[in-house]
Structure formats: structure tokens, C-alpha cells
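What follows is the residue order along each chain.
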Amino acid sequence: MMDSFTYEALPMRVVFGSGALSRIAEETDRLGLRRVLVLSTPEQRDLADRVAAVLGDRAAGVFDQARPHVPVPTVAAASRAAAESRADGCVAAGGGSTIGLGKALALRQDLPVVALPTTYAGSEMTPIWGLTENHRKQTGRDRKVLPRSVVYDPNLTASLPATVAATSGLNAIAHAVEALYAPDVSPVIAAMAEQGVRDLASNFTGPAALRGAWLCGACLGATTMGLHHKLCHVLGGMLDLPHAETHAILLPHVAAFNLPAAPDATAALSRALNTDDPAAALGKLTADTGAPTNLAALGVTQADLASVVNEVLANPYANPRPVHRPDLEALLHRAFRPA
Ligand code: NAD
């Protein structure tokens, strides 16, 4: 029971609504920015150009080379582009990879970031940064990487293919599930997590889903991660697995392991998912994504699992249930094999 807790609010400004992209210049003006570099992946160059058009003469240029896991050479190239264009801030238009690049510029160059998220990953709501060099991803928390304003426009998630939307939505739900049993959960976060899961699980498209992603991302930013995120970080870092798919595959298995030790989280998820077996309901959501449902299908081998187990046990995250080697091996084996 949450009879005692500490809650520290993060400074967040959110502008939400269909067509909110058109308000991006108001947000950069509010921050006093005059020359804004627009960031995107190569695949989302069209969106970056639309953002630059809305910014008009406030746009200093477009850097469209954002890549997964924020490679240090990409950050260096973006920093050069920012310096050459004399940018005083940036707009990160895209998913977690693009917003991660914006955070790296905030961390290293103190450039204020306005985020325009187009997936449900939730990075825009957290002070967590990541940088990858020589196949190692380093992460940390620093308030200065928090976007100064987040513009959520549900029209921008409409272009997500259904499978990508569903796995990205499960990535967001995983943030809420782990927040619900985190050692630093509070009533505020628990309420946000429950509502976030409810908003997303009913439909992975439209304004409610994006609102759910906002809530779930904020929960991730406010709490300590557990076994699920640890497994995803180890698997992603070691084997370069696709981020959202890995979350979607593991979530039901970690929930089945942890929820018996987390009655309040189980009750909240049961209400949000309208079920008396939330782990099974999450398994159904994963099965319905149309994406791979087991680690073997992502190319993971049995031999990889032993290294993952060692790495997870060597540096464990907080978890409601103690994680012993045989339990972890059994959990990973269930996530590994085809159903
Ligand atoms: P992503 O940003 O890598 O995007 C995946 C692909 O989808 C890209 O090609 C992108 O251009 C495209 N895309 C994005 N939105 C689209 C849309 N609306 N329509 C069509 N295509 C679209 O994927 P992601 O899952 O959003 O982010 C994953 C990354 O974010 C990982 O590196 C992860 O570690 C990081 N992340 C960080 C945090 C944090 O708090 N720091 C939280 C969550 C995720």
C-alpha cells in the first residue's frame, strides 16, 4: 500500500491536439528561439520539411540523419550542423531515435529542445539520455535533456503502420506496468499509469492512444525501472534488437513473473485492461500486433540467452520479486520459443 511516498514533479509543458504541428512556431517563440535546427530520421525528411515550413524564417536548417540508439558520430555531425547554422535550439520531429538525438544536443551543447513525437515510445517525457559508441550504449538521467515543450499532434501518428503502432503502444504500456510496481511509485503516478494503459490498450491509433503514450512516458520519467526494462536494455544493447518489438515480446512474460508479487499493480492493470488476468491480456495484445511474438523470431539464439542472464544478474534493477537465475532462465526460455 502507498502509505508513504515521495513525489517530485518534472517541469513539463505539453501542447496537445489534432493539427498541433501548426503551433510549433508559437512554442519556439515562447522560448525566445530565433534559429531552430529541425531534426528527423532520413525516413521522416518530409515531416522535417513540413516543420521547417511552419517555422518559416525561424528555421535554421534540417538535419535528417537521426539513427537508432543515438550514435556518437551522429551527435557530432548534428552538433556541426547546429554550429554552422548558428542554431539556438532544435525541434526533434519523430520517434525515440530523433528525440534521443535532440536530448544529446541538449546534454552536450545546452540547446533547448522542442519535441514533436510521432511514436508512443515516450522519450520526450523523461530526463533519460542515451549515447552509443563502439557498440556500447551509455545512459543517464539529467534534467537538462528534458524537452522544454512537447507538441503532441495525433495526426502525425496516423502514418504509423498498424504493427509498428501496436508494438510502440506496448513499449509505452511497459513503462506504466513497471511504474506501477516501482519502489518510488506514488498515487499520482499510479493514477497516470492506470489511465495510460486504459487509453492505449483499447486502440493503438488516434488521440486517446497518443494521450496514453504521454501518460506512460511521464511514468517512466518519474520512477525506477525494473526487470522488464533491464532485459530490454541488455537484449537491445547486446544484440541490437528492434526496440519496440523487444518490449512487446517480453512484457507479458515479465508481467506473469512480477505481478503475483505486486497486488496493487495487478489491481490497477485489471481495471485498466478489464480483465482478472492482466498478464494474459498483455499476451493477447502482443499476439495481436502482427509482429514477432518470440525472441527466436528476432534472431536471438539459445546461446545468447546465457549471456543475457549473466548480464542481467550482474547489475540488476529494482524489482518487486527477487530475480534468481533459474527463474530468469525459465522466463527467457518462455519468451524465446515460438508459442
Ligand atoms: P524510432 O524513433 O527508431 O522510429 C522507428 C522508425 O519509424 C524510424 O524509421 C522513424 O523514422 C519511423 N517513424 C517514426 N514515427 C513514424 C510515423 N508516425 N510514421 C511513419 N514512420 C515513423 O523508434 P521508437 O520506438 O520511437 O524509439 C526507439 C528509441 O527510443 C530507442 O533507441 C530507445 O532506446 C529510445 N527510447 C528512449 C527513451 C528515453 O526515455 N530516453 C524512452 C523510450 C525509447
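Everything discussed here concerns the structure shown above.
Here is a short report on the structure shown in this document. (Residues numbered from 1 in each chain as written. Predicted model: local features only at pLDDT ≥ 70, side-chain atom pairs only at ≥ 80, totals over all residues. Heavy atoms only, no water.)

## Quick word on the pairing of strand β8 (residues 149–152)
Heads up, the condition is: Think of it in three bands: residues with accessible area under 20% of the maximum for their type are buried, residues over 50% are exposed, and the middle band is partly exposed, with areas taken using a 1.4 Å probe on protein chains only. Each helix corresponds to a stretch of at least 4 residues labelled H or I by DSSP, and each strand to a stretch of at least 2 residues labelled E; elements are numbered beginning at the N terminus. Pairing between strands is defined by DSSP: at least two bridges between the two strands are required.
Burial along β8 is two-sided: the face carrying Ser149 and Val151 and the face carrying Val150 and Tyr152 are both buried. Summarising the sheet, strand β1 (residues 14–16) and β8 pair through three bridges and their orientation is parallel. When the bridges of β8 are listed, Val15 appears paired with Val151. Summarising the sheet, strand β5 (residues 113–117) and β8 pair through two bridges and their orientation is parallel. Across the sheet, Val114 pairs through a bridge with Ser149, a residue of β8.

## Description of the state of the cysteines
Between two cysteines, a covalent bond joining their sulfur atoms is known as a disulfide. Worth spelling out the cut-off: Note on disulfides: each one is a pair of cysteine sulfur atoms within 2.5 Å.
According to the stated counting rule, one finds zero disulfides in the structure shown. With no disulfide of its own, Cys219 has Cys216 as its nearest cysteine by sulfur position, at a separation of 6.0 Å. Between Cys232, a free cysteine, and Cys216, which holds the nearest cysteine sulfur, the sulfur-to-sulfur gap is 15 Å. When its relative accessible area of 6% is taken as the criterion, Cys232 is described as buried.

## Quick look at a nonpolar patch on the surface
For clarity, the cut-off: Candidates for patches are residues over 30% relative accessible area with no salt bridge; among them, like charges are joined within 9 Å and nonpolar side chains (Val, Leu, Ile, Met, Phe, Trp, Tyr) within 5 Å. Exposure was quantified through the Shrake-Rupley algorithm and a 1.4 Å probe, taking into account, for residues, occlusion by the shown protein chains and nothing else. What makes a salt bridge here is a side-chain nitrogen of Lys or Arg within 4 Å of a carboxyl oxygen of Asp or Glu, nothing more.
Taken together, the side chains of Phe5, Tyr7 and Val188 present a nonpolar region at the surface, about 270 Å² in accessible area. Along the polypeptide, Tyr7 turns up in the segment before β1. For Tyr7, a relative accessible area of 38% puts it in the partly exposed group.

Taken by themselves, the reported measurements are silent on function.
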